[in-house]
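Residue-level structure breakdown
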Amino acid sequence: MNSQPKYTYRPKGSLWAVYHMTYQGTVGVGTKVFDSPEREEARKECYRLNGWNYKGSKNDK
């Protein structure tokens, strides 16, 4: 089983970007598939694309 995520998110300038990752060994290369000014929106999209259950951040009420 591969423990490396297929999608990940990280800051890119003033935005948050979601990347589709391809790996060769431990080296990953990402292709941007989504960006947002909001970190939580990028996180939600990353979870959706990976098929993970999104539970919200601890700051959500």
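Above this text is the structure in question.
Residues numbered from 1 in each chain as written. Predicted model: local features only at pLDDT ≥ 70, side-chain atom pairs only at ≥ 80, totals over all residues. Heavy atoms only, no water.

**Things to note about the pattern of salt bridges**
Scanning all chains against the criterion turns up three salt bridges. A salt bridge links K32 to D35; its shortest N-O distance comes to 3.3 Å. (Salt bridge = Lys/Arg side-chain N within 4 Å of Asp/Glu carboxyl O.)

**Side note on the pairing of strand β1 (residues 7-12)**
Across six bridges, the pairing between β1 and strand β2 (residues 15-24) is antiparallel. Across the sheet, the residue bridging to P11 is W16, located in β2. What sits between the antiparallel neighbours β1 and β2 is a turn of two residues, in which G13 has the positive phi angle 65°. (Pairing = 2+ DSSP bridges. Helix = DSSP H or I, 4+ residues; strand = E, 2+ residues; numbered from the N terminus.)

**Notes on the pairing of strand β3 (residues 27-36)**
In this sheet, β3 lies alongside β2 in antiparallel orientation, the contact comprising nine bridges. Following the sheet pairing, Q24 is matched in β3 by V27. Counting the residues in the hairpin turn of β2 and β3 gives two residues, including G25, whose phi is positive at 70°.

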